[in-house]
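Close look at the chain arrangement
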Amino acid sequence: FDGGGHTIRNLSWRSWLNREHIGLFGVADGQIKNLTLENVDLDGPASYHMGAVAGINVGTITNCHVTGTLTMWGGGGLVGMNLGRIDGSHAEVELTATDTRAGGLVGLHNSGIISRSYATGTIAAFRAAGGLVGAMVDTDGYAEMRDCCSLCNLSDMWQDGGGLVGTVGSGTEISNCYSTGRVQGTGNVVLGGLIGISREGATVLNCFWNTQTSGLSTSAAGTGKTTTQMKTMSTFTNAGWDFVGETANGIEDVWARCEGTDYPVLAWEGP
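Residues numbered from 1 in each chain as written. Predicted model: local features only at pLDDT ≥ 70, side-chain atom pairs only at ≥ 80, totals over all residues. Heavy atoms only, no water.

As for the overall build of the protein
Summing up its helical and strand segments, the protein has three helices and 31 strands in all. Relative to its length of 271 residues, the protein is compact, with a C-alpha radius of gyration of 17 Å against a globular reference of 18 Å. Expressed as lengths along the three principal axes of its C-alpha atoms, the size of the protein is roughly 50 × 45 × 35 Å. Scored against the burial criterion, the 271 residues of the protein give a buried share of 52%. Contacts in the protein between residues far apart in sequence, at least 24 positions, make up 75% of those at least 6 positions apart. With the model as given, the accessible surface of the protein reaches about 10,600 Å², and the carbon-plus-sulfur share is 48%. Across the protein, the 14 positively charged side chains and the 25 negatively charged ones have centroids separated by 3 Å. (Helix = DSSP H or I, 4+ residues; strand = E, 2+ residues; numbered from the N terminus. Rg over C-alpha atoms; globule rule 2.2 N^0.38 Å. Buried < 20%, exposed > 50% of the residue type's maximum accessible area, 1.4 Å probe, protein only. Contact = heavy atoms within 4.5 Å. Areas by Shrake-Rupley, 256 points an atom, 1.4 Å probe, with all protein chains shown as cover. Lys, Arg positive; Asp, Glu negative; His and termini not counted. Charge placed at Lys NZ, Arg CZ, Asp CG, Glu CD.)

Digging into the sheet that holds strand β26 (residues 195-198)
Spatially, seven strands are ordered β4-β6-β8-β12-β16-β21-β26 in an open sheet, and the strand pairing comes out parallel. Single-partner strands in this sheet number two, and they are β4 (25-28) and β26. Direction aside, neighbouring strands of the sheet carry axes that sit 5 degrees apart on average. The pairing of strand β12 (residues 106-109) with strand β16 (residues 133-136) spans three bridges and is classified as parallel. In the sheet register, Val 106 faces β16, and the bridge partner there is Val 133. (Pairing = 2+ DSSP bridges. Axes fitted to C-alpha atoms, helices over the stretch in contact; angles between N-to-C directions.)

What about unusual backbone geometry?
We note that Arg 101 has phi near 55 degrees; this positive angle belongs to a residue other than glycine. As for its position among the elements, Arg 101 is in strand β11 (residues 100-103). In this model, Arg 116 sits at a positive phi of 50 degrees, which is unusual for a non-glycine residue. Relative to the helices and strands, Arg 116 resides in the loop between β13 (112-115) and β14 (118-124). Judged by relative accessible area, Arg 116 falls into the partly exposed class, the value being 28%.

Considerations on the environment of Asn 176
If you trace the backbone, Asn 176 turns up in the loop between β22 (173-175) and β23 (178-179). Looking at Asn 176, the relative accessible area reads 13%, which means it is buried. Excluding anything up to four places from it in sequence, Asn 176 contacts Arg 146, Asp 147, Cys 148, Leu 205, Asn 206, Cys 207, Gly 240, Trp 241 and Trp 255.

Some points on the nonpolar core
Counting residues in hydrophobic clusters, the biggest one holds 53 residues, and the most contacted among them are Val 53, Val 66, Leu 78, Leu 105, Met 145, Val 165 and Ile 174. Among the elements of the structure, β5 (31-50), β7 (60-76), β10 (90-97), β14, β16, β17 (143-146), β19 (153-157) and β21 (165-168) are those that each provide at least two residues to this core. Here the element with the most residues in this core is β5; it accounts for six residues. With sequence-adjacent residues up to four places away left out, Met 145 is seen in contact with Ile 114, Leu 132, Val 133, Met 136, Leu 164, Val 165, Glu 173, Ile 174, Ser 175 and Cys 177. (Core = buried A, V, L, I, M, F, W, Y, C linked by side-chain atoms within 4.5 Å.)

Quick word on the packing of aromatic side chains
With the rule as written, the count across this model stands at 11 aromatic pairs. Ring centres 6.4 Å apart and planes at 50 degrees place the aromatic pair Phe 236 and Phe 243 in the tilted group. No difference in accessibility class separates Phe 236 from Phe 243, as the two residues are buried. Three or more aromatic residues link up through ring pairs in this structure, and these residues are Tyr 178, Phe 208, Phe 236, Trp 241, Phe 243, Trp 255 and Tyr 263. A cation sits over an aromatic face here: Lys 231 above Tyr 263, 5.2 Å from the ring centre. (Phe/Tyr/Trp six-rings, centres within 6.5 Å; stacked < 30°, edge-to-face > 60°. Lys NZ or Arg CZ within 6 Å of the ring centre and 35° of its normal.)

A closer look at the environment of Gly 131
Looking at the secondary structure, you find Gly 131 in the loop between β15 (127-130) and β16. In the structure, Gly 131 is positioned 35 residues away from Gly 166 in sequence and 8.0 Å away in space, judged by C-alpha atoms. If near-sequence neighbours (up to four positions away) are discounted, Gly 131 is found in contact with Gly 103, Gly 104, Leu 105, Ala 119, Ile 123, Ser 150, Cys 152, Leu 154, Gly 162, Gly 163 and Leu 164.

Everything listed here is a matter of geometry and, on its own, says nothing about what the molecule does.
See below:
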């Protein structure tokens, strides 16, 4: 499905019943690209594997973007559960999860790759929630995430909450990612500025979180930095991140930024 750069507005769905695989596409097996979903309103507090573009992705999603409000048992702004590839996409959402595995972009990243993507907005969830991905596991294959970021704020967490990912499982890998959102919880919570819980065998490389804006000085993985450090290009280039205008870390020009005034942005976002 090639959206051709067009926008679908006001996609709406509601149910109080227990449903699964909820989205524009229930299960996406193939390629979805060049599509924007604006002002999405999906309301299914007992439904899981919910995402605006796809409930479950086992294909490839490229250059797709979502804005809107979602309420679910568990899922993500873009995709409920991912077993394929997501690249160059983003979600700006108000997301409420009544239970588990909720993320600004993806609820459950079960296998495949998420790259050059980000999420903004707010997330209110119970457990296993992250600004970008709720949980990463490798039960169905290798799960990887690289060159991504989250600016989502998390609240109402009871356990396993992270600025980027709530729970990271064994055999997964995250590299060159960062988060800046505030992470708050109630009760006996386990929270991390970047990662809530990291299982033995998980790999997290060259990743950072903002200790000031997150309100957290600890994380299960990653390196905490101040706001000033997070807006300093050398923080990232010294860790091997590939930026526009430098070639020491590669020539793909993944990241761009305005030195001293903003966090790194993905180059595809434009000036």
